[in-house]
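Close look at the chain arrangement
The residues making up each chain are set out below.
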Amino acid sequence: MTRKKIIVPSRLTFQNSIDFVKNLRALKPRKEINFDFSNLVTIDPFSLLLVSSEIQRCRSRLKESKFLATNFEHCSYAAHMGFFQAFGMNFGKKPGEAKGSSTYIPINIYNTQEIKKDARDLMINPAEFLESKAKEISNILTRSESGDLNEVLTYCLREIFRNVIEHSHSEQFGFCAQYLPSLNRVSFSIIDRGIGLKESLENNPTLNLNNDEDAIRAALKPATSGKVYKGQKNKPKGEWANSGYGLFMTSNICKRGGGFFIASGDFGYYTSENKERILETPFKGTALNLALDTNRIKNLYTMLREIDNNDIKSKSKPSKSSMGLMNKK
């Protein structure tokens, strides 16, 4: 087997990163595979997660190959955020080691079974436990324990966390976030390596899913769930029962001046207020990137009601868990 050098692009941002990891899927076993970071200048939170996850996946797939990284010493931001340690290289902070600040949350990797165990120990529903985690992250990024942005961000993060725990069957998931006050923008990225949306939603007999695109488009509609569906004999009960509105509401909140990206399997979909993009993605599991325009944030109750009134054509209404209706103001 020969040696292979892979030149990492100078800019690892969204489309560049997706294209880069596509090429990783085609890698064959080599005696040595060297990732050369000499050109890397820019990397965003979504790319931190995506690229580190896919390099680590390559290492697991090509166990007979020796993996190296070179010319990385200048990548101080990525190192601090836990990027290199996330794919097994002993450089920089470990995921979750950096404390984060009011402008960023470094890469964190959570174990789903540990979360469920912690919830059991506290004798609460995992969704309630995840709300506390979402609130903790929102408090750090917004530098506040209340306010419209804090409540909206908490709601979005909680719904995304819940989907991973309840539907992905993934042992772990990673996330990171960034707040850019000068650009009035909050970005949050999360990736799991679970079963993907299509397999998760196939539990719902009312859906006809032929491919990953069908699954994503279905998941972004209101009242779509792999666990709750029309005609079900024994529906989950309680205020935290999943009702299939989480992704729908979250994506619509993000579209208002921000953007929402979701990928599962070979299909990726980006949507904002003025455009949509379809991307071919080589992804096992589910990846999401949420961007909120802080200038467009209103009271959470108001925003959810506006989406409800404008976009939901069904007569069915979201449950407390999916609407996230906090106290009216």
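Residues numbered from 1 in each chain as written. Predicted model: local features only at pLDDT ≥ 70, side-chain atom pairs only at ≥ 80, totals over all residues. Heavy atoms only, no water.

Description of the overall build of the protein chain
- For the protein chain, the helix and strand inventory stands at 12 helices and 10 strands.
- Burial status across the protein chain gives 54% buried among its 329 residues.
- Relative to all contacts within the protein chain whose residues are 6 or more apart in sequence, the contacts with residues 24 or more apart total 69%.
- Carbon and sulfur atoms make up 46% of the accessible area of the protein chain, which amounts to about 15,500 Å² in all. (Helix = DSSP H or I, 4+ residues; strand = E, 2+ residues; numbered from the N terminus. Buried < 20%, exposed > 50% of the residue type's maximum accessible area, 1.4 Å probe, protein only. Contact = heavy atoms within 4.5 Å. Areas by Shrake-Rupley, 256 points an atom, 1.4 Å probe, with all protein chains shown as cover.)

Topic: the sheet that holds strand S1 (residues 3-7)
- Strand order in the open sheet formed by three strands is S1-S3-S5, with parallel pairing between adjacent strands. The open sheet has two free edges, formed respectively by S1 and strand S5 (66-70), since each of these has just one partner strand. Each neighbouring strand pair of the sheet contributes to a mean axis angle of 20°, computed without reference to strand direction. (Pairing = 2+ DSSP bridges. Axes fitted to C-alpha atoms, helices over the stretch in contact; angles between N-to-C directions.)

Regarding the packing of aromatic side chains
- Scanning all chains against the criterion turns up 21 aromatic pairs.
- Between the aromatic rings of Phe-46 and Phe-261, the centroid separation amounts to 5.6 Å while the plane-to-plane angle is 85°, which identifies the pairing as edge-to-face. Separated by 215 residues along the polypeptide, Phe-46 in helix H2 (residues 45-61) and Phe-261 in strand S9 (residues 259-272) bring together distant segments of the chain. Here Phe-46 matches Phe-261 in class, with each residue buried.
- Each ring, one from Phe-161 and one from Phe-173, has its centre 5.8 Å from the other, and the planes form 45°; the classification is tilted. Taken as a pair, Phe-161 in helix H7 (residues 148-168) and Phe-173 in strand S7 (residues 172-180) lie far apart in primary sequence, 12 residues in all. Across the pair, exposure class does not vary: Phe-161 and Phe-173 are buried alike. (Phe/Tyr/Trp six-rings, centres within 6.5 Å; stacked < 30°, edge-to-face > 60°.)

Some details on the environment of Ala-218
- Relative to the helices and strands, Ala-218 resides in helix H9 (residues 212-219).
- Sequence separation of Ala-218 and Leu-201 is 17 residues, and the distance between their C-alpha atoms is 8.6 Å.
- Among residues more than four places away in sequence, those in contact with Ala-218 are Leu-201, Leu-209 and Thr-224.

What to know about the side chain of Thr-154
- One can find Thr-154 in helix H7.
- Given the relative accessible area of 2%, Thr-154 is considered buried.
- A distance of 2.7 Å separates a polar atom in the side chain of Thr-154 from the backbone oxygen of Asn-150. (Polar contact = N/O pair within 3.5 Å; in protein donor to acceptor, adjacent residues only side chain to side chain.)

Observations concerning the pairing of strand S6 (residues 104-111)
- Of all eight residues that make up S6, six are buried, and the element is covered over most of its length.
- Here six bridges tie S6 to S7, and the two strands are oriented antiparallel to one another. In the sheet register, Tyr-104 faces S7, and the bridge partner there is Gln-178.

A look at helix H10 (residues 246-255)
- Counting buried positions over the 10 residues of H10 gives nine, a clear majority of the element.
- Within H10, burial applies to Gly-246, Leu-247, Phe-248, Met-249, Thr-250, Ser-251, Asn-252, Ile-253 and Cys-254.
- Gly-257, located one to two residues past H10, shows a positive phi value of around 95°.

Observations concerning unusual backbone geometry
- If you check the backbone angles, Arg-143 has positive phi at about 55° while not being a glycine.
- Take Arg-143: it is sitting in the loop between helix H6 (126-142) and H7.
- For Arg-143, a relative accessible area of 58% translates into the label exposed.
- The residue His-169 is not glycine, and still its phi comes out positive at about 60°.

Thoughts on the environment of Thr-281
- Here Thr-281 lies in strand S10 (residues 276-293).
- Along the chain, Thr-281 and Asp-266 lie 15 residues apart, while their C-alpha atoms are 4.5 Å from each other.
- Beyond its immediate stretch of four places on either side in the chain, Thr-281 contacts Ile-18, Phe-261, Ala-263, Gly-265, Asp-266, Phe-267 and Gly-268.
- Within the local environment of Thr-281, its side chain forms a polar contact with the backbone nitrogen of Phe-267, the two atoms lying 3.3 Å apart.

Concerning the sheet that holds S9
- Pairing in this open sheet of five strands is antiparallel, and the strands run S6-S7-S8-S10-S9 from one edge to the other. Two strands close off the open sheet at either side, each with one partner strand: S6 and S9. In this sheet, neighbouring strand axes are inclined to one another by 15° on average, regardless of whether the strands run parallel or antiparallel.
- Lying on the sheet, H7 is in contact with S7, strand S8 (185-192) and S10; it crosses S8 at an angle near 10°.
- This element, H9, spans S9 and S10 of the sheet and lies at about 35° to S9.

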